[in-house]
Every structure is written in structure tokens, then in C-alpha cells.
Amino acid sequence: MTGALTHLGAQGEANMVDVGEKEETTRTAIAEGSVSMQPGTLTMILAGDAKKGDVLGTARIAGIMAAKKTHELIPLCHPLLLTKVSVDVEPDHDLPGLRVTALARVTGKTGVEMEALTAASVACLTIYDMAKAVDRAMVISGIRLVEKTGGKSGDYKAAP
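Residues numbered from 1 in each chain as written. Predicted model: local features only at pLDDT ≥ 70, side-chain atom pairs only at ≥ 80, totals over all residues. Heavy atoms only, no water.

Undergrad: Got a sec to walk through the pattern of salt bridges? Specific residues and values, please.
TA: Overall, the coordinates contain six salt bridges when judged by the stated rule. The salt bridge involving Asp129 is made with Lys132; its shortest N-O contact spans 2.5 Å. Residue class for Asp129 comes out partly exposed when judged on its relative accessible area of 32%. Lys132 gets classed as partly exposed once you look at its relative accessible area, which sits at 25%. The salt bridge involving Lys157 is made with Glu147; its shortest N-O contact spans 3.6 Å. Residue Lys157 is located in strand β5 (residues 156-157), and its partner Glu147 is located in strand β4 (residues 139-149); the two are separated by 10 residues in the primary sequence. (Salt bridge = Lys/Arg side-chain N within 4 Å of Asp/Glu carboxyl O. Buried < 20%, exposed > 50% of the residue type's maximum accessible area, 1.4 Å probe, protein only. Helix = DSSP H or I, 4+ residues; strand = E, 2+ residues; numbered from the N terminus.)

Undergrad: Give a description of the environment of Glu115 that names residues and reports values.
TA: Position of Glu115 relative to the elements: it lies in helix α4 (residues 113-131). The spatial distance from the C-alpha of Glu115 to the C-alpha of His71 is 8.4 Å, given a sequence separation of 44 residues. In contact with Glu115, other than residues within four places in its own chain, are Ala67, Thr70, His78, Leu80, Leu82 and Ala104. (Contact = heavy atoms within 4.5 Å.)

Undergrad: Which residues make up helix α1 (residues 39-47), and what values do they have?
TA: Each turn of an α-helix holds 3.6 residues, which means side chains three or four residues apart point in the same direction. Every buried residue belonging to α1 is among Thr41, Leu42, Met44 and Ile45, and all of these are buried. An end-on view of α1 places all buried positions within 160° of arc, on one side of the element. Set apart from the buried face of α1 by more than 90 degrees, the exposed residues are Gly40 and Thr43. Among the structural elements, α2 (55-68), β2 (84-92), β3 (97-108) and α4 are those in contact with the buried residues of α1. Positive backbone phi, at 75°, marks Gly48, one or two positions downstream of α1. (Arc of directions from axis to C-beta.)

Undergrad: I'd love a proper account of the nonpolar core, names of residues and values included.
TA: Ranked by internal contacts, the top residues of the largest apolar core, which has 32 residues, are Met37, Ile45, Val87, Val89, Leu98, Val100 and Ile127. Elements represented by at least two residues in this core include exactly β1 (25-36), α1, α2, β2, β3 and α4. Top element by residues in this core is α4. It accounts for nine residues. Ignoring anything within four residues of it in the chain, the contact list for Met37 reads Leu42, Ile45, Pro96, Gly97, Leu98, Ile127, Asp135 and Met138. (Core = buried A, V, L, I, M, F, W, Y, C linked by side-chain atoms within 4.5 Å.)

Undergrad: Residue-level account of a nonpolar patch on the surface, with values.
TA: Judged by side-chain polarity, Leu125, Ile140 and Ile143 come together as a nonpolar surface patch covering roughly 240 Å² of accessible area. Within the secondary structure, Ile140 is located in strand β4. (Patch = residues over 30% accessible without salt bridge, like charges linked within 9 Å, V, L, I, M, F, W, Y side chains within 5 Å. Areas by Shrake-Rupley, 256 points an atom, 1.4 Å probe, with all protein chains shown as cover.)

Undergrad: Run through unusual backbone geometry, naming residues and quoting values.
TA: Note the cis peptide between Leu95 and Pro96, where omega equals -10°. Tracing the backbone through its elements, the reader meets Pro96 in the loop between β2 and β3.

Encoded structure:
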């Protein structure tokens, strides 16, 4: 643990943190997740044969859109003017499945960890949605913050 919970008031009530006095810095966060699936499902997705269309491209767009709406989904998140969001979806034949990496960046007074985590999560959910007709046993896992830079709390890098 690194300190007190900032979203709780003196009486334990939820509140939005006041970032008005904080310094603006460039802040970046990277999150990841994965979707495990049957080998045939992965083959179908990579071949572009999913009935719903381009799974990889749709997952990327969904993740980017989700990052931009994080403050609408997570009650105490600040709306941010994101300067960069990227979502990469790569095959991992050892899973077998797809690995998602999301990056969010802002120059502002609060971090972008939740935006990166939301992007990775929604990209994984989109993959599931687009391929569930052929593989309902897919497993979404490993959603986590990989790295964050900038801000008062300093940098963070997850263990491998």
C-alpha cells in the first residue's frame, strides 16, 4: 500500500478528489489483458472470417472509444482531455488467444491509469462479443496496469 484512499472523505463517504492545485504533467499509463480461446477461434479471427467482421480492428476502436468515456463509466474519475490512446491486439499462439495492450496519455493534473485499464478491458470484451458465437468458453484474464509515468506519486512498473 502506498497511502490513504483518496476517494474517501473523513466519514467514509465517496468523493471526487480535488486536483485543482496539482501540477500539470505529462502522464502515461499502459495496461494489458488477454483473451484465451480455442485454436480454431484464433485461426478464424486472424483469417478475418468472423461473421461479425474485423475482430481486431473493432476491438482497437472499442478500446479507444472506451478510454475516452472512462469518466462516464467509473463514478469518481475526472474527465480528461486525452492526448493519445492506442490499443494493440496481438496473437499469442501459446495461449492460444489474443493479447491486448492499451496506452493512454494526457498532459494534466491527474493520471490515466483508469483510461488505459478501461481501454484494455473493453477491447477484450469486444473480442469476446465478436467471437462468442463460435467459442463461448473464451476467458478474459490478466487485466492489469503494466506501467505508469508522471505525476506526484512517481513512476510504476509491474513485475513481469
